[in-house]
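Here is how the chains run, residue by residue.
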Amino acid sequence: MAKTIEEINAKIRSGKAVVFTAEEIIEVVKDMGIKKAARKVDVVTTGTFSPMCSSGAFFNVKQPKEKMKLGGGFATLNGVPAYAGLAAADIYVGATAIPDGDPRNSNGRPGRYRYGGAHVIEDLVAGKKVLLKGGSYGTDCYPMKAREQMVGLDDMNDAFLFNPRNCYQNYNVAVNLSDKPIYTYMGKLKPKLGNAYYCSAGQLSPLFNDPYFRTIGIGTRVFFSGAEGYVAWPGTQHNPDAPRLENGTPKTPAGTVALIGDMRQMSAEWLRAVSFAGYGVTLSVAVGVPIPILDEDMVRSVSVSDEQLKAPVVDYSEYYPLGKGEAQLGEVTYEELKSGSIHIKKQKVPTGSFSSYALARKVAHHLKQRIQEGSFLLTQFQAPLPGAAIGKEATQ
Amino acid sequence: MKLVLIFPETIVEEPITYHLISDYGIRVNILRASIDPGKQGKMVVELLGEKVQISQGLNYLERVGVQVTPLAQKIRHLEDRCTSCTACVPLCPTQALDVDRESWNVSFDPEKCIVCFSCLETCIYYAMSVEEEFV
């Protein structure tokens with residue numbers, strides 16, 4: 001018998017909802033079977049904590065008495081350039097922005113990228129103040145031409161993260177076939193298959209647990225770095241047409257979501273600036289998506305485990321940057337990746353991740369607790385993500 | 001390479017860095033120095049140059065009676081900054097950095113560490129730091 005989100009929310013409100021994490025549900029389903037699990041379980045929580053480059057923050061800076069038009073002028077925060085092509089007081093700081101000519105970023109080889117947009121965002125979330133510098137041409141209504149002021153979140157009317165692409169449903173496993181080390185957004189890759197990096201929470205990752213976006217859509221409420229955030233839109237590069245395994249999960253990077261959430265509700269425990277040597281600055285965020293167990297198909301989706309999820313192995317020395325050579329060096333399961341080594345071209349290659357499974361677990365448990373306490377209710381999305389129809393066809 | 005140089009009081013007035021630079025073409029970066037005439041002196045230096053130049057320079061130091069020891073460096077794991085992502089694990093040559101595949105917590109065993117600095121370059125959270133022990 002199918003459940004509705006309203007029925008599940010009623011159970012959450014009365015403190016009676018049965019909730020498991022996407023890791024726990026695997027054993028639960030092995031024990032009680034799909035039918036019984038569909039009746040007994042109300043919600044499964046997912047989690048991920050990982051660098052997600054397409055992230056950034058919108059701010060509306062409080063005006064001083066003599067007003068200023070940042071729009072069309074320029075603004076920097078601790079030297080990091082913000083986008084100022086909006087209304088008078090609105091600016092956007094991208095996670096990967098870096099100050100021009102900053103020795104903290106350019107000194108030495110590989111460059112270390114010690115301070116950028118992500119650090120501004122982390123500083124503000126941690127309650128610190130940053131130096132706003134603004135310059136403009138001055139108008140009759142906005143006469144001030146230059147401004148320098150230490151600002152914290154209290155000096156903003158609004159401060160929210162708006163990340164155009166988060167939570168990639170699956171990701172490449174990066175390796176280096178060349179004979180010299182390379183520095184990439186997937187870390188330092190040693191020559192001749194010296195190491196392999198992956199970047200997904202696998203069986204805990206939100207979109208792996210709802211592969212056809214049956215319950216995750218525009219308007220879905222999520223745990224977002226400590227805040228209650230929302231899916232605002234399909235993420236950039238959202239691609240529901242990626243090749244899939246029989247269990248419905250994609251074999252290559254596929255779906256994504258754009259997320260939005262209030263920075264004042266966020267905590268630095270769940271949001272961290274990171275620096276990739278030789279590459280740049282980016283932001284790690286925590287995302288947890290609750291998945292309502294509406295029926296047996298949802299149980300099947302959320303009970304996928306690491307040995308049933310596959311990622312493509314991609315060469316980042318030639319194929320990724322130049323499009324030369326083999327597109328894929330093979331497929332590996334997340335179980336293999338998490339074992340510490342994989343085999344590529346008959347060579348044993350040690351593995352590591354940039355996505356923290358320890359923190360993904362913590363996110364999923366935190367969200368589970370919030371739902372059990374009745375302080376986090378589920379939402380019915382307002383519009384589906386592109387590709388939701390593919391799932392309907394596949395299951396019919 | 002970073003070295004601690006100890007001068008006996010008899011040669012404290014020798015222009016040692018001058019000789020390293022002009023006779024052996026070594027770039028000498030003085031990180032710390034405490035030298036008083038008539039007393040034993042200590043200096044922490046970084047020597048940069050070709051291998052041959054450096055080994056000739058070290059021979060010179062030994063000849064004039066300077067005691068040369070490598071600077072003790074220790075790697076520290078800043079647990080409050082570490083997210084246990086495991087990026088450091090495949091690059092650590094001695095498994096000083098390792099992950100428990102049940103708890104997924106990354107731990108650091110300083111006894112196994114050979115101070116190769118691989119983790120410093122790899123850690124995106126700056127959770128690894130180097131401490132230099134100036135004697």
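Residues numbered from 1 in each chain as written. Chains lettered and ligands numbered in written order. Predicted model: local features only at pLDDT ≥ 70, side-chain atom pairs only at ≥ 80, totals over all residues.

Asks: I'm lost on the interface of chain A and chain B in this one. Help?
Replies: Many authors give the size of an interface as the accessible area that is lost as the parts come together. Each partner contributes to the interface: chain A provides 23 residues, whereas chain B provides 15 residues. Mapped by element, the contributors of at least two residues to the side of chain A that touches chain B are β3 (48–51), β13 (187–189), β18 (271–276), β24 (347–353) and α8 (357–373) of chain A. Of the residues contributing to the side of chain A that touches chain B, the split by class is 11 nonpolar, eight polar and four charged. (Contact = placed C-beta atoms within 7 Å. Helix = DSSP H or I, 4+ residues; strand = E, 2+ residues; numbered from the N terminus. Nonpolar A, V, L, I, M, F, W, Y, C, P; charged D, E, K, R; others polar.)

Asks: Would you mind going over the sheet that holds strand β1 (residues 2–7) of chain B with me for this structure?
Replies: Across a sheet, strands are paired by hydrogen bonds formed along the backbone, either parallel or antiparallel in direction. Residue and element names in this part refer to chain B. One open sheet accounts for four strands, arranged β2-β3-β1-β4; its pairing is antiparallel. Of all the strands in the sheet, just β2 (27–34) and β4 (67–70) have a single pairing partner and so form its edges. Ignoring strand direction, the axes of neighbouring strands in this sheet form an average angle of 25°. Pairing of β1 with strand β3 (residues 41–48) involves six bridges; the strand directions are antiparallel. Opposite Val4, over in β3, you have Val44 as the bridge partner. Packing of helix α2 (residues 51–64) onto the sheet brings it into contact with β1, β3 and β4, and relative to β4 it is tilted by some 135°. (Pairing = 2+ DSSP bridges. Axes fitted to C-alpha atoms, helices over the stretch in contact; angles between N-to-C directions.)

Asks: Help me understand unusual backbone geometry, please; the structure alone is not making it clear to me.
Replies: Trans peptide bonds make up most of the peptide bonds, and negative phi angles are found at most residues other than glycine. Residues and elements named next belong to chain A. Phi is positive for Phe213, which is not a glycine, with a value near 55°. Of note, Phe213 is situated in the loop between β14 (196–198) and β15 (221–224). Positive phi, normally seen in glycine, also occurs at Ser225, with a value near 50°. For Ser225, the position within the fold is in the loop between β15 and β16 (227–234).

Asks: In this structure, what is going on with the domain arrangement of chain A? I would like to understand it.
Replies: Residue and element names in this part refer to chain A. When the domains of chain A are assigned, the result is domain 1 (5–52 + 167–395) and domain 2 (56–161). Inter-centroid distance (C-alpha atoms) of domain 1 to domain 2 is 32 Å. Between domain 1 and domain 2, the contact holds 21 residues from the first and 22 residues from the second. Of all the elements in the fold, those that place two or more residues in the side of domain 1 that touches domain 2 are β17 (257–262), β18 and β19 (280–288). Of the residues that constitute the side of domain 1 that touches domain 2, the class distribution is 12 nonpolar, six polar and three charged. (Domains from an automatic or database assignment.)

Asks: Explain the nonpolar core to me, please; I cannot follow it from the model alone.
Replies: Looking at soluble globular proteins, one finds that nonpolar side chains tend to be buried together. If you look at the biggest cluster of nonpolar residues, it comprises 137 residues, and the most contacted ones within it are Ile121, Val173 and Val175 of chain A. Aside from chain neighbours lying at most four places away, what touches Val175 of chain A is Leu189, Leu193, Ala196, Val313, Asp315, Tyr316, Leu329, Ile344 and Val349 of chain A. Counting 10 residues, the second-largest nonpolar core is a separate cluster that includes Leu20, Tyr24, Val45 and Leu47 of chain B. (Core = buried A, V, L, I, M, F, W, Y, C linked by C-beta atoms within 7 Å. Buried ≥ 20, exposed ≤ 12 C-beta atoms within 10 Å, placed from the backbone.)

Asks: What's the story with the environment of Val41 of chain A in this structure? I'm lost.
Replies: Residues and elements named next belong to chain A. Tracing the sequence through the fold places Val41 in the loop between α2 (24–40) and β2 (43–45). Sequence separation between Val41 and Leu124 is 83 residues; the distance between their C-alpha atoms is 39 Å. In this structure, Val41 is in contact with Val18, Phe20, Ile25, Val28 and Ile293, ignoring residues within four places of it in sequence.

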